[in-house]
Amino acid sequence: MLIEHEAVAEAAVVPSPDPLRLAVPKAYVVLAAGFDPSADTALAILAYARGRLAPYQRIRRLEFAELPKTISGKIRRVELRAQEDHRHGARGGSGASGSGASGSGASGSGASGSGASGGQAGAPDRRGVTEFWEDDFPSLKT
């Protein structure tokens, strides 16, 4: 459904640990040519998904990044899940996080310690530079 948006070239959705809901859907998005990884683009994609999906299916987090792939071109979701577990500390953070960090380090998400914006409920804010949460956009709640 996300790839139907004009700004999205490729997308993968994985669970992201959440202190309140246990896990929420997070989309990793590769932008089409001519689009910038900005808050405005994230808002447009989240609003698009919100208008077309049931509440339990909605994307709650979004990150602009290159997707790790196998030799045959399949998206390696296992690396994305490991990166999420490492970054947000789910289930004690397994040792598999090293492979997840290398898969998308070139995209700018490796600077996760800098934090993109103010703190969220519960866990420390260890977001990637191009990561946006649904909570960042109060206009979506109306």
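Located above this text is the structure these notes cover.
These lines cover the structure that appears in this document, whether it is placed above or below. Predicted model only: the values in this text are computed from it and were never measured. (Residues numbered from 1 in each chain as written. Predicted model: local features only at pLDDT ≥ 70, side-chain atom pairs only at ≥ 80, totals over all residues. Heavy atoms only, no water.)

1. Let's talk about the overall build of the protein chain
Helix and strand counts for the protein chain come out as three helices and four strands. Reading the protein chain from its N terminus to its C terminus gives the helix and strand order β-β-α-β-α-α-β. At a minimum sequence separation of 6, the contacts of the protein chain that also span at least 24 residues come to 57%. Approximately 7,400 Å² of the protein chain is accessible, and the part contributed by carbon and sulfur atoms is 55%. (Helix = DSSP H or I, 4+ residues; strand = E, 2+ residues; numbered from the N terminus. Contact = heavy atoms within 4.5 Å. Areas by Shrake-Rupley, 256 points an atom, 1.4 Å probe, with all protein chains shown as cover.)

2. Some points on the pairing of strand 1 (residues 8–18)
Where strand 1 and strand 2 (residues 22–31) come together, ten bridges link them in antiparallel fashion. Residue pairing for strand 2: D18 is matched across the bridge by L22. Taking the residues that link successive antiparallel strands as the turn, the strand 1-strand 2 hairpin has three residues. (Pairing = 2+ DSSP bridges.)

3. Things to note about the packing of aromatic side chains
Throughout the structure, instances matching the rule amount to two aromatic pairs. Judged by centre distance (6.0 Å) and plane angle (65 degrees), the ring pair of F64 and F132 falls under edge-to-face. Of this pair, F64 sits in strand 3 (residues 61–64) while F132 sits in strand 4 (residues 131–133), placing them 68 residues apart in sequence. Plain terms: the ring middles of F132 and F137 are 6.4 Å apart, the flat faces sit at 35 degrees to each other, and that makes the pair tilted. Here the two residues F132 and F137 agree in accessibility, since each one is buried. Through a chain of ring-to-ring contacts, three or more aromatic side chains come together here, namely F64, F132 and F137. Just above the ring of W133 sits the side chain of R61; from NZ or CZ to the centre is 3.9 Å. (Phe/Tyr/Trp six-rings, centres within 6.5 Å; stacked < 30°, edge-to-face > 60°. Buried < 20%, exposed > 50% of the residue type's maximum accessible area, 1.4 Å probe, protein only. Lys NZ or Arg CZ within 6 Å of the ring centre and 35° of its normal.)

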